[in-house]
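Structural features, examined
Here are the chains, one letter per residue:
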Amino acid sequence: MTTELKTVTNTNKAYSKVQQQVVRSLKKRHRQEKLFRTAGLLAVSASILLVILLFVNIFAKGLPAFWQHSITLDIYFDPAIVKISEKPQPQAGETENEFRQRDLAWRSEVGLVNFNRLIFPALQQVIPDAQQHRRELQRIVTSGERFALRDLVIADPSIIGQTKTLHLLTDANIDVWLKGNIDRSLPDDQQQLSAKVREWVDSLKQQGVISNRFSFALFMNPDSRSSLASAGLAGAFMGSLYMMLVVIVLAIPMGVAAAIYLEEFAPKNRMTDLVEVNINNLAAVPSIVFGLLGASIFIGWFNLPMSAPVVGGLVLTLMTLPTVIIATRSTLKAIPPSIRQAALGLGASKTQAVFHHVLPLAIPGILTGSIIGVAQALGETAPLLLIGMKSFVASVPGSAMDQATALPVQIYLWQGNELRNFFEARTSAAIIVLLVMMLSLNSLAIWLRKRYEVRW
């Protein structure tokens, strides 16, 4: 009995030690799991916090730039100043080219008119002592507004001899002064505006003659160096739009077709393995390398115009193709093999099985990957800088072959402008426009995915 009792006691002690080890092991595992969860939660929280801070910073700086100060003036289109001939009209027997030549000559005639002579009398009506400070009047209205008056006359010559109430943009320095972006306590020799101009604009602001209005110029005007307050995103927006059209037309069909062939039809051999490896490597190549390639091939060999959206679109197509191919192949791989086997078992050919059964089920994933690839290309800057799209372009491109810039490049150019007080907010506003476009593309991808998932 004593021996049996000792055996049982030793067994219980051994079991107790094992139990204690198990308990300690479980506690350690639970601590590690809890620590991992805490670390993951902290990482996610920190990421969300940083994103929130980024968006708050961008929107806090950029939203005020969507409003800009303008001065309300009664502009009299004096016939003694606007001396132009009658606007040409098409005549019987006249060719389209002949009429275009006459119309261009008339527009050039209108462009020679000094429209500043219409603005100065209107300013004198709201500024009593302006006659003694005529030079200072030039600092009130931004110089680009004379072209706005020219465009009004070109659009409707009948306004000559009439008085129109117009809202003209103030100078960029006046806008930042009234928005409080300039320290008012600085001495006069450090101020960008003279004391007289500051006195005028503060008074006009109180009277309501100068008001902070929504800036349509930001969206309707191209970039400008001579009239900074008139600088807008129209040229960059159209340049980005043309580039995205080129990417959508080329990258998506070619990428999807290549992915379908590689995944469904290509034989599995060393050649296809080499192609797959190269595609995966191309997806990791820095975007600036594609810019060098585009500058060498499309501009150097094919002599395509520099700074043209078609060149930018071709470069971004090369960069987007690997992303589209990889995303499409991943989607096709996710389709169950039973779909293919069932189609083949019912007598369908290989092509019918792919295009009638597999591809429709893969459309949501293909659309999502393709649109996200296009959205990624929309935000690229480095390859566009190497093909000349950083050049200053003061007009809105009429086609993909005209000189243009893009939204990311415009942000880069505005960020380096010397008038920091004005363009810092405008840069953030351009970032907001770019983010809205990218988020819209991502939202479209999500919507299309949900729509086709419900359908199929």
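The rules behind the values
Residues numbered from 1 in each chain as written. Predicted model: local features only at pLDDT ≥ 70, side-chain atom pairs only at ≥ 80, totals over all residues. Heavy atoms only, no water. Buried < 20%, exposed > 50% of the residue type's maximum accessible area, 1.4 Å probe, protein only. Helix = DSSP H or I, 4+ residues; strand = E, 2+ residues; numbered from the N terminus. Contact = heavy atoms within 4.5 Å. pLDDT = per-residue confidence, 0-100. Core = buried A, V, L, I, M, F, W, Y, C linked by side-chain atoms within 4.5 Å. Phe/Tyr/Trp six-rings, centres within 6.5 Å; stacked < 30°, edge-to-face > 60°. Pairing = 2+ DSSP bridges. Axes fitted to C-alpha atoms, helices over the stretch in contact; angles between N-to-C directions.

Considered for burial, the residues of helix H5 (residues 145-155) that qualify are Glu145, Leu149, Val153 and Ile154. Buried positions along H5 lie against helix H2 (96-111), helix H3 (116-126) and strand E2 (163-169).

This part covers the confidence of the model for the chain. Across the chain, pLDDT averages 86, with 96% of residues at or above 70. Model confidence for the chain, summarised as mean pLDDT per element, is weakest for helix H4 (residues 134-137) at 79 and strongest for strand E1 (residues 67-76) at 93.

Bringing the nonpolar core into the picture now. Counting 84 residues, the largest nonpolar core has Ile71, Leu73, Leu123, Ile140 and Leu168 as the members making the most contacts within it. Residues Val324, Leu332, Ile335 and Ile366 belong to the second largest nonpolar core, which totals 10 residues.

Next up on the list: the packing of aromatic side chains. Given two aromatic rings, one states the distance between the centres and the angle between the planes to describe the pair. Summed over the entire model, instances satisfying the criterion amount to eight aromatic pairs. On the basis of an interplanar angle of 20° and a centroid distance of 5.8 Å, the ring pair of phenylalanine 66 and phenylalanine 219 is categorised as stacked. Taken together, the positions of phenylalanine 66 in the loop between helix H1 (2-62) and E1 and phenylalanine 219 in helix H8 (residues 217-220) put the pair 153 residues apart, joining distant regions of the chain. Here tryptophan 67 and phenylalanine 214 contribute two aromatic rings whose centre-to-centre distance is 5.6 Å and whose plane-to-plane angle is 85°, an arrangement assigned as edge-to-face. Of this pair, tryptophan 67 sits in strand E1 while phenylalanine 214 is found in strand E3 (residues 210-214), placing the two residues 147 residues apart along the sequence. A relative accessible area of 36% means that phenylalanine 214 is categorised as partly exposed.

Another point: the sheet that holds E2. Two pairing modes exist for strands in a sheet, parallel and antiparallel, and in both the strands are linked by backbone hydrogen bonds. With antiparallel pairing, the three strands of this open sheet are ordered in space as E2-E1-E3. One side of each edge strand has no neighbouring strand; the edge strands of this open sheet are E2 and E3. Direction aside, neighbouring strands of the sheet carry axes that sit 45° apart on average. Relative to E2, E1 runs antiparallel, the two sharing seven bridges. Each bridged residue has a counterpart across the sheet, and for tyrosine 76 the counterpart in E2 is threonine 163. Across the sheet, helix H7 (residues 195-207) touches E1 and E3, and the angle it forms with E3 is around 70°.

The subject of this paragraph is the pairing of E1. Regular strands have side chains that alternate between both faces of the sheet. In this structure, E1 lies alongside E3, joined through five bridges in antiparallel fashion. When the sheet's bridge partners are listed, serine 70 is paired in E3 with serine 211.

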